[in-house]
Amino acid sequence: MTIRVDRRTALGLGTMATAGTVLCRAAPAAAESGGTGSELDAEAATTPERVAARIGQAYERETTRAGGNWQSYVSVTGSGGAPVVAVADEPDQRLEAYSVNKIAVATAVLDKVDRGLLTLDQQLEVTAAIVVPGGDGIFSLDNAYPSSVTLGHALAALLTVSDDTAVRLSGLVCPAAELNDILVAKGFPNTQVEPVANPNRFFLGTSTPRETHELLRALVAGTVLSPSSTEFLLGLLRSPIAFTDGVRRTMSSQERARVATKAGWFGTARHEAGIIFDSAGAAVLTYALFADGQAGADDFGATHPAVQARARLGRFMMNATARLTGSGRPHQPGPRLPSNGG
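Model, not experiment: these values are computed from the prediction. Position numbers for residues start from 1 in each chain and track the written sequence from start to end. Side-chain atom pairs in this predicted model are given and counted only at pLDDT of 80 or more, local residue features only at pLDDT of at least 70, and totals for whole chains, interfaces and linings cover all residues. To get the side-chain values, all heavy atoms of the structure are used, and hydrogens and water are removed first.

Caption draft 1: A look at the overall build of the protein. Secondary structure elements follow DSSP: runs of H or I of four or more residues count as helices, runs of E of two or more count as strands, with numbering from the N terminus. Regarding its fold elements, the protein presents twelve helices and ten strands. Burial status follows relative accessibility: with a 1.4 Å probe on protein chains alone, a residue under 20% of its type maximum counts as buried, one over 50% as exposed, and anything between as partly exposed. Here the protein holds 342 residues, and 52% of them are scored as buried. Contacts are residue-level and defined by heavy atoms, with any inter-residue pair within 4.5 Å sufficient. Considering only residue pairs separated by 6 or more positions, the protein has 69% of its internal contacts joining residues 24 or more positions apart. Only the protein chains shown count as cover for residues, and the accessible areas themselves come from Shrake-Rupley with a 1.4 Å probe. When the accessible surface of the protein is totalled, it reaches about 14100 Å², and 56% of it is carbon and sulfur.

Caption draft 2: Structural detail: the pairing of strand β8 (residues 259-266). Burial of β8 is extensive: six of the eight residues sit out of reach of the surface. At least two DSSP bridges between two strands are required for those strands to pair. As judged from the eight bridges shared by β8 and strand β9 (residues 269-277), these two strands associate in the antiparallel manner. Bridging from a neighbouring strand, phenylalanine 266 pairs with alanine 269 of β9. Hairpin remark: β8 followed by β9, antiparallel, with two residues in the connecting loop; positive phi at glycine 267, about 60°.

Caption draft 3: Structural view of the sheet that holds strand β2 (residues 83-89). A sheet is described by the order of its strands in space; here five strands give the open sequence β2-β1-β10-β9-β8, paired in antiparallel fashion. The open sheet has two edge strands, β2 and β8, and neither has a second partner. Neighbour-to-neighbour, the strand axes of the sheet open up by a mean angle of 5°, direction not taken into account. Summarising the sheet, strand β1 (residues 69-77) and β2 pair through six bridges and their orientation is antiparallel. When the sheet's bridge partners are listed, valine 76 is paired in β2 with valine 84. Along the sheet face, helix α10 (residues 227-237) touches β8 and β9 and points at about 65° away from the line of β8. Between N-to-C directions, angles span 0 to 180 degrees; the directions come from axes that are lines fitted to C-alpha atoms, helices contributing only their stretch in contact.

Caption draft 4: Representation of the environment of alanine 273 in the model. Inspection of the secondary structure puts alanine 273 in strand β9. With a relative accessible area of 1%, alanine 273 lands in the buried category. On a C-alpha basis, the gap between alanine 273 and isoleucine 103 in space is 9.5 Å, while along the polypeptide they are 170 residues apart. With near-sequence residues (within four places) excluded, alanine 273 lies in contact with Val100, Thr212, Leu216, Ala260, Thr261, Lys262, Tyr287 and Ala288.

Caption draft 5: Summary view of the side chain of threonine 208. One can find threonine 208 in the loop between β7 (202-207) and α9 (209-221). Since its relative accessible area comes to 4%, threonine 208 is described here as buried.

Caption draft 6: Broad picture of the confidence of the model for the protein. Every residue carries a pLDDT, the predictor's confidence in it, which falls somewhere between 0 and 100. The share of residues in the protein with pLDDT of 70 or more is 87%, and the mean pLDDT across the chain is 89. The low-confidence segment residues 1-44, where pLDDT is below 50, has 64 contacts with residues more than four positions distant or belonging to other chains.

Caption draft 7: Highlighting α9. To estimate how far a helix should reach, multiply one less than its number of residues by 1.5 Å. Between the first and last C-alpha of α9 there are 18 Å, a value that for 13 residues agrees with the 18 Å anticipated at 1.5 Å per step. Looking only at α9, the buried set comprises Pro209, Glu211, Thr212, His213, Leu215, Leu216, Ala218, Leu219 and Val220. Contacts made by the buried residues of α9 are with β1, α5 (102-114), β7, α10, β9 and β10 (283-292).

Caption draft 8: Here's a closer look at the side chain of arginine 248. Within the element layout of this structure, arginine 248 appears in the loop between α10 and α11 (253-256). Positive charge is attributed to Lys and Arg, negative charge to Asp and Glu, and no charge count is given to His or to the chain ends. Any Lys or Arg side-chain nitrogen found within 4 Å of a carboxyl oxygen on Asp or Glu counts as a salt bridge. Within the buried core, arginine 248 has no salt-bridge partner, and the shortest N-O distance to an opposite charge, that of glutamate 272, equals 6.5 Å. Side-chain polar atoms of arginine 248 contact the backbone oxygen of serine 239, separated by 2.8 Å. Side-chain polar atoms of arginine 248 contact the backbone oxygen of phenylalanine 243, separated by 3.1 Å. Dropping the residues within four chain positions of it, arginine 248 is found in contact with Leu237, Arg238, Ser239, Pro240, Ala242, Phe243, Arg256, Ala257, Val259 and Thr261. Two N or O atoms form a polar contact when they lie within 3.5 Å of each other; inside protein one atom must be a possible hydrogen donor and the other a possible acceptor, and for residues adjacent in sequence the pair counts only when both atoms belong to side chains.

Caption draft 9: Representation of the nonpolar core. Nonpolar core, defined: a set of buried Ala, Val, Leu, Ile, Met, Phe, Trp, Tyr and Cys residues in which side-chain atoms within 4.5 Å join the residues together. Of all hydrophobic cores here, the largest spans 55 residues; its most connected members are Leu151, Leu158, Leu169, Leu179, Phe202 and Leu233. No other element matches α5, which puts eight residues into this core. The contacts of leucine 158, once residues within four sequence positions are left out, are Lys102, Val105, Ala106, Asp163, Ala166, Val167, Ser170 and Lys262. Within the second largest apolar cluster, 29 residues are counted, among which are Ala58, Ala66, Val74 and Val84.

Caption draft 10: Region of interest: the pattern of salt bridges. One pass over the structure, following the stated rule, counts ten salt bridges. Between lysine 102 and aspartate 164 there is a salt bridge whose closest N-O contact spans 3.1 Å. Here lysine 102 is found in helix α5, whereas its partner aspartate 164 is found in helix α7 (residues 164-173), with 62 residues between them in sequence. Taking relative accessible area as the criterion, lysine 102 reaches 0% and is therefore assigned buried.

Right under this line is the structure:
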């Protein structure tokens, strides 16, 4: 019980006196039924502060249900663009970010593109030695090496299907030490890859929930990359083949296109971080959800307790922010239509 009380204090539920008092009377039906957020009434969704309080309650409910350890930071875009914190659950704990840090890797590589040191159309050689055997993604499935791809292709594989070999391809053009220096210079000293003996290879390293959240907000604000690189990166994270088992699972295709997301999984850890945009393309919510220690360590699918919790929370967050308007420069995805070949 003490742990839950401490976490509720961390979530800020004990400090939102006005909003908390009102919303606690409106919340029981959803909380007891495990509802998806469709129970939100118009009053509860009219202000970012009320929405943030409801999301904090939903987070507490879902993480309690899933069990294990959670470290998270979630905010709603407030009036004037300032974030209204919905969840602050051990947000400054530095932990293994796993594939969520592929966003940071791509950011560093694209920074070099912006400075004219690299180009998206330059060729990278995919050798048998560089392929991660059995790793996530598509390169390990080719079974025909050597081959070559563009840097843009490698980054697309990195951020959509979370390709592990694409990490090594990124290291060919942005070694670990340089990558970390770029992130520090941009204000992210805790978001760092872990170097190994080979300077062009690295483990994906660490971050904190708050710093991952701030990197995402900076990307949307256009303060870390050029407009073209920003749109390229966000377009990959919003694409139909980007991660759909978690936050985007129970959404329509149009709703999924409004969510830029990246998941990371290894051992017992199941992480996800991203942004929800309003219908006009402005960011309305940013989340960094890190979890480990739940049951089912060998389950990397949609039935893992932490992934199920994120799916329910994702549906809730989409509904909760439906009547809010984001702020800042809009980011609209390009049109994507099914094809029958030809």
